[in-house]
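# Residue-level structure breakdown
Below, each chain spelled out in residue letters.
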Amino acid sequence: MDDPVLSRRSIRTYTTQPVSDVAIERLLRAAMAAPSAGNQQPWRFIVVTDHDTLAAIPSFHPYARMLSRTPAAIVVCALTADLRWPDFRDQDCAAAVENILIEAVALDLGAVWLGVHPLEERVTGMRRLLGIPDDVIPFAVVALGHPAEAKEPAARFDPERVHRERW
């Protein structure tokens, strides 16, 4: 297998084959293996496989059109109360999302990160649709499925963006 980090791409087209419960659990295990500030693990996850629920998300998220044809998604949420390091909550959840994306590659699944927080219309829409309490922030949605498209790894390394020792 290619390096799952370097071969990860945003996949937005999927077959109709469902994502297995075994694969979903592996994705969630990967998410929860992410580092977090002070090990606070503020993340919570909502697994969505209901077609009508997935199809409703593009009504408030303009870049989520693929969800109407996606077999599964994981909504990554963040607790807001009783955190020792609240300013790192978003970084913690971003690490969990990235782990889901990398594990998806390892499972031969396609995935794409759809940002929700901090855009209020997306946060409010997701909160209403999924019954998310006020003290939890819907951070992102990861669309998941068996890829119906293939993309070559992106060659994004640019040594001009690297500084050594000082700027």
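Description of the structure in this document.

Conventions used here
- Residues numbered from 1 in each chain as written.
- Predicted model: local features only at pLDDT ≥ 70, side-chain atom pairs only at ≥ 80, totals over all residues.
- Heavy atoms only, no water.
- Helix = DSSP H or I, 4+ residues; strand = E, 2+ residues; numbered from the N terminus.
- Rg over C-alpha atoms; globule rule 2.2 N^0.38 Å.
- Buried < 20%, exposed > 50% of the residue type's maximum accessible area, 1.4 Å probe, protein only.
- Contact = heavy atoms within 4.5 Å.
- Areas by Shrake-Rupley, 256 points an atom, 1.4 Å probe, with all protein chains shown as cover.
- Core = buried A, V, L, I, M, F, W, Y, C linked by side-chain atoms within 4.5 Å.
- Polar contact = N/O pair within 3.5 Å; in protein donor to acceptor, adjacent residues only side chain to side chain.
- Pairing = 2+ DSSP bridges.
- Axes fitted to C-alpha atoms, helices over the stretch in contact; angles between N-to-C directions.

Secondary structure summary: the protein chain contains four helices and four strands in total. In terms of C-alpha radius of gyration, the protein chain reaches 16 Å, essentially the compact-globule figure of 15 Å for 167 residues. For the protein chain, the spread of C-alpha atoms along the principal axes amounts to about 50 × 40 × 30 Å. Put simply, the protein chain has 167 residues, and 44% of those count as buried. Long-range pairs, those at least 24 residues apart, make up 78% of the contacts in the protein chain with a sequence separation of at least 6. Total accessible area on the protein chain is roughly 9,800 Å²; 51% of this is exposed by carbon and sulfur atoms.

Ranked by internal contacts, the top residues of the largest apolar core, which has 27 residues, are L27, F45, I74, I100 and L144. Non-local contacts of F45, meaning those with residues more than four positions away in its chain, are made with L28, A31, M32, I74, V75, V76, A96 and I100. By size, the runner-up hydrophobic cluster in this structure holds 21 residues, among which are V75, C77, V116 and M126.

With respect to the helices and strands, S36 occurs in the loop between helix 1 (21-32) and strand 1 (43-48). Note on S36: relative accessible area 17%, which makes it buried. At 3.2 Å, the side chain of S36 and the backbone nitrogen of Q40 are in polar contact. Those residues in contact with S36, other than ones at most four positions away along the chain, are Q41, P42, W43 and D92.

Turning our eyes to something else, we now look at the environment of L130. With respect to the element layout, L130 can be found in helix 4 (residues 120-130). A sequence separation of 73 residues divides L130 from I57, and the C-alpha atoms of the two residues are 10.0 Å apart. If sequence neighbours within four positions are ignored, L130 has contacts with I46, V48, T53 and V75.

Let us now look at unusual backbone geometry. Between H117 and the following residue, P118, the backbone shows a cis peptide bond with an omega angle of 15°. You will see that N39, though not glycine, has its phi angle at about 55°, which is positive. Position of N39 relative to the elements: it lies in the loop between helix 1 and strand 1. Judged by relative accessible area, which is 55%, N39 ranks as exposed. Residue Q41 is not a glycine yet carries a positive backbone phi of 45°.

Before going further, it helps to spend a moment on the sheet that holds strand 3 (residues 110-115). One open sheet holds the four strands; their spatial order is 1-2-4-3, and the pairing between them is antiparallel. Of all the strands in the sheet, just strand 1 and strand 3 have a single pairing partner and so form its edges. When strand polarity is set aside, the average angle formed by the axes of neighbouring strands in this sheet is 25°. The pairing of strand 1 with strand 2 (residues 72-79) spans six bridges and is antiparallel.

The subject of this paragraph is the pairing of strand 4 (residues 136-145). By the criterion of burial, strand 4 is predominantly enclosed, with ten of the ten residues buried. Strand direction decides the pairing type here: strand 2 and strand 4, joined by eight bridges, are antiparallel. Each bridged residue has a counterpart across the sheet, and for A78 the counterpart in strand 4 is I137. In this structure, strand 3 lies alongside strand 4, joined through six bridges in antiparallel fashion. Considered in strand 4, the bridge of L114 is made with V141.

Everything listed is a geometric property; what it means functionally is a separate question.
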